[in-house]
Amino acid sequence: MSALARYFLSKNIFVGGFDRTSTPLTEQLIVEGAKVHYAEDVKQIPDACRDKDKTLVVYTAAIPADNAELRYFQENDFTVEKRAQVLGELTRTHKGLCVAGTHGKTTTSTMIAHLLKSSHVDCTAFLGGISKNYGTNLLLSKSSPYIVIEADEFDRSFHWLRPYMSVITATDSDHLDIYGTREAYLESFAHYTELVQPGGTLLIHSDLDLKPRAQKGVHLYTYSRDKGDFHSENIRINNGEIIFDFIAPDIRINDILLGVPMSINIENGIAAMAIAHLNGVTADEIKHGMATFHGVDRRFDFKIKTDKIVFMSDYAHHPAEIRQSILSIRELYKDKKITAIFQPHLYTRTRDFYKDFADSLSLLDEVILVDIYPAREKPIPGVTSQLVYDNLRPGIEKILCKKEDILNVLKDQHIEVLITLGAGDIDNYVPAITQLLQKRL
């Protein structure tokens, strides 16, 4: 939503908006010219947004249907569109390079954007996180036909898109509060594959439980770490660095250095390099782009990286995503004690996957669990972080606490490698945790 707000501001269009809480991002939008308020109050809708003939209302699927301001616009016949509808319009006027999948979307799409932006090809990009290279989630180009978009499957939002090219990274079940069954979830992705435009490309991870239904004239490729049309060879992980060779059907690029050296980024990087290569980015530009990629806020976001203590923040909030995060960290820090602070995201996701969460978190040496972040949901009786806690493997070090007590808990903990996991507000505690741990260096 903030990237769209910035896009309209760049066009000198008045932007007003409501959010539940103030964040550094909303405060930055105000600095950039948006008028943002935090109380759900029709009276606070800016006067400039009360003329239905001159106002486009854009809402995220995460906002409750009974929101008073949303109802006001709907009941008074304003043009009201989902965020994905607006992005879908842009894919009809540009060459949309879209990234879909249960996880990996934000990092892969930001990698693609950086590879294009740092090359002669260029792009516009709407990103799901703040790029650390550019300090924003919106990249603009005056001349490039390419637009990079994260294709979100929540509420079937990605069905509004008409990609020129698309990556599908993963199809692990999620959002079962919306889809009900895994079959319905997979069908939603299968329908999405039909939306890639003829003459375009569909790039799918080799191991997906998905039967694509691409239109005639769409080029279909596969990718993964070690197999598929695009893959890696000769992986070297040493001294906190990851180097590998990129293999494509028509080219080999040796000695790719990962700017963010986590093994999960090998696959993200292969997908990003494949899309960049297919759109004319040269081998030298790809090597330079991958080496200079600094990552995304809250995606393997290193806050402290020393021989004594490592601390990072990660947005992972799905069991499969968390598993891959932990395995990546374990591969990089084989002999270190690894501790995670995990904040479950959504009551329904916790209810549906608490055993899977426990299995993934059991790969750690120590788990600190805090209360569920509700986001758009109301509490569900009996669904708490205790469900995950009780199902962790026997013998693992584990602590259950309120998020407000995290600093007190950490004061007495021996920390070698620490990561915060979750898509909620756990990130608000990262500065204080960083300060606490830096005193030990």
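Just above, that's the structure.
Residues numbered from 1 in each chain as written. Predicted model: local features only at pLDDT ≥ 70, side-chain atom pairs only at ≥ 80, totals over all residues. Heavy atoms only, no water.

Novice: Got a sec to walk through the pairing of strand S20 (residues 417-421)? Specific residues and values, please.
Specialist: Where burial is concerned, most of S20 is hidden: five out of the five residues are buried. Residues Val 417, Ile 419 and Leu 421 of S20 are buried on one face, and the alternating residues Leu 418 and Thr 420, pointing to the opposite face, are buried as well. One ladder, built from five bridges, connects strand S16 (residues 310-314) with S20; its direction is parallel. Pairing of Val 310 across the sheet is with Val 417, part of S20. Where strand S17 (residues 338-342) lies against S20, five bridges are found, and the strand directions are parallel. Residue pairing for S20: Ile 338 is matched across the bridge by Val 417. (Buried < 20%, exposed > 50% of the residue type's maximum accessible area, 1.4 Å probe, protein only. Helix = DSSP H or I, 4+ residues; strand = E, 2+ residues; numbered from the N terminus. Pairing = 2+ DSSP bridges.)

Novice: Hey, could you go over the nonpolar core for me, with residue numbers and the actual values?
Specialist: Counting residues in hydrophobic clusters, the biggest one holds 70 residues, and the most contacted among them are Leu 97, Leu 116, Ile 329 and Leu 361. Examining the composition of this core, we find that nine residues originate from one element, helix H8 (residues 264-278), more than from any other. If we skip the residues at most four places from it in the chain, Leu 116 touches Leu 97, Val 121, Asp 122, Cys 123, Tyr 146, Ala 276 and Val 281. Listed in part, the 35 residues of the second largest apolar core include Leu 87, Cys 98, Ile 149 and Phe 158. (Core = buried A, V, L, I, M, F, W, Y, C linked by side-chain atoms within 4.5 Å. Contact = heavy atoms within 4.5 Å.)

Novice: A description of the packing of helix H5 (residues 105-117) against helix H9 (residues 283-291) should follow, citing residues and the corresponding values.
Specialist: Their axes nearest at 9 Å, the elements H5 and H9 cross at an angle of 130°. Regarding the angle of H5 to H9, the classification is oblique. At the point where H5 passes H9, the crossing takes the right-handed sense. In this structure, H5 uses Met 111, His 114 and Leu 115 to contact H9, whose residues at the interface are Ile 286, Gly 289 and Met 290. Residues belonging to the contact of H5 with H9 are distributed by class as follows: four nonpolar, two polar and no charged. (Axes fitted to C-alpha atoms, helices over the stretch in contact; angles between N-to-C directions. Parallel < 35°, antiparallel > 145°, perpendicular 65-115°, else oblique. Left-handed = near helix turned anticlockwise from the far one by under 90°. Nonpolar A, V, L, I, M, F, W, Y, C, P; charged D, E, K, R; others polar.)

Novice: Please set out the sheet that holds strand S14 (residues 251-257) residue by residue, giving values where relevant.
Specialist: Spatial strand order, S12-S13-S14: three strands in an open sheet with antiparallel pairing. Here the strands that pair on one side only, and so sit at the sheet edges, are strand S12 (231-238) and S14. Ignoring which end each strand starts from, the neighbouring axes of this sheet average 10° apart. Pairing analysis gives five bridges linking strand S13 (residues 241-248) to S14, with the strands arranged antiparallel. The partner of Ile 247 across the bridge, within S14, is Arg 252. Contacts from H8 reach S12, S13 and S14 within the one sheet, and its direction differs from that of S13 by about 40°.

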